[in-house]
Amino acid sequence: MNITQARLNQYNIVVVFRELRFTQVLSELARRLLPEHSSPLITEIPNQLLSVVYPDRRIDCQFANRRVLISDKRGITPGEHPFGTIAINAIAAAAESSGGHQGIIAYGYNYNIELSEAGATQYVNARFFNDATRISQIYGGELRNI
């Protein structure tokens, strides 16, 4: 499989907390995730959702369902500024609002990559899953083409 044509569409980091509290502290800290950008777009649904979007940077952060999701849709090298700053500040804001970093119960770093070749699913299956059949059985699904 020739992966030289692979294209990164987006990537994200997800941090799950035992409990995510929507406090005034979280609301205030979320507005300052990127210090050099003083006015991000904010959407708030009390006790359910807090969304912070930097449209010019194509980066957004969402606090909801006991998790913090920070997504970068620029399609550039993962981790380039200001993603790291936003991610660190978002996780710290959620932790400060919800009882500290010891409240983190899971995390993940995910990539959305476009492979233009036929058989891309088989490549991902063979490259990233030691035993895709076992994973399919555990989760009751399968990796397949869309």
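The paragraphs below set out a description of the structure included in this document.

Thresholds, definitions, all that
- Residues numbered from 1 in each chain as written.
- Predicted model: local features only at pLDDT ≥ 70, side-chain atom pairs only at ≥ 80, totals over all residues.
- Heavy atoms only, no water.
- Helix = DSSP H or I, 4+ residues; strand = E, 2+ residues; numbered from the N terminus.
- Buried < 20%, exposed > 50% of the residue type's maximum accessible area, 1.4 Å probe, protein only.
- Contact = heavy atoms within 4.5 Å.
- Areas by Shrake-Rupley, 256 points an atom, 1.4 Å probe, with all protein chains shown as cover.
- Pairing = 2+ DSSP bridges.
- Axes fitted to C-alpha atoms, helices over the stretch in contact; angles between N-to-C directions.
- Salt bridge = Lys/Arg side-chain N within 4 Å of Asp/Glu carboxyl O.

## Side note on the overall build of the protein chain
Right, so step 1: Regarding its fold elements, the protein chain presents four helices and six strands.
Right, so step 2: Starting at the N terminus and ending at the C terminus, the protein chain contains elements arranged as β-α-β-β-β-β-α-β-α-α.
Right, so step 3: Looking at the protein chain as a whole, 33% of its 146 residues qualify as buried.
Right, so step 4: Put simply, of all contacts in the protein chain between residues at least 6 apart along the chain, 61% involve residues at least 24 apart.
Right, so step 5: Carbon and sulfur atoms make up 50% of the accessible area of the protein chain, which amounts to about 9200 Å² in all.

## Quick notes on the side chain of Ser51
Right, so step 1: Mapping Ser51 onto the fold places it in strand E3 (residues 49-54).
Right, so step 2: Among the residues examined, Ser51 registers a relative accessible area of 12% and is labelled buried.
Right, so step 3: Look past the residues within four positions of Ser51 in its chain and what remains in contact with it is Leu41, Ile42, Thr43, Cys61 and Gln62.

## Digging into unusual backbone geometry
Right, so step 1: For the bond from His81 to Pro82, the omega torsion is 10 degrees, close enough to zero to count as cis.
Right, so step 2: Structurally, Pro82 is set in the loop between strand E5 (67-72) and helix H2 (83-98).
Right, so step 3: Even without being a glycine, Arg58 presents a positive backbone phi close to 60 degrees.
Right, so step 4: Within the element layout of this structure, Arg58 appears in the loop between E3 and strand E4 (59-64).

## Describing the sheet that holds strand E6 (residues 104-114)
Right, so step 1: An order of E2-E3-E4-E5-E1-E6 is seen for the six strands of this open sheet, with the pairing classed as antiparallel. Pairing within the sheet leaves two strands with one partner each, and these edge strands are strand E2 (41-45) and E6. Averaged over all pairs of adjacent strands, the angle between strand axes in this sheet comes to 10 degrees, irrespective of strand direction.
Right, so step 2: Where E4 and E5 come together, six bridges link them in antiparallel fashion.

## What to know about the pattern of salt bridges
Right, so step 1: Using the criterion set out here, one finds six salt bridges in the structure.
Right, so step 2: A salt bridge links Lys73 to Asp60; the shortest N-O distance between them is 2.5 Å. Of this pair, Lys73 sits in the loop between E5 and H2 while Asp60 sits in strand E4; the two residues are 13 residues apart in sequence, bridging distant segments of the chain.
Right, so step 3: By relative accessible area, Asp60 is classed as buried at 17%.
Right, so step 4: For the salt bridge of Asp72 with Arg74, the shortest nitrogen-to-oxygen distance reads 2.5 Å.
Right, so step 5: A relative accessible area of 0% means that Asp72 is categorised as buried.

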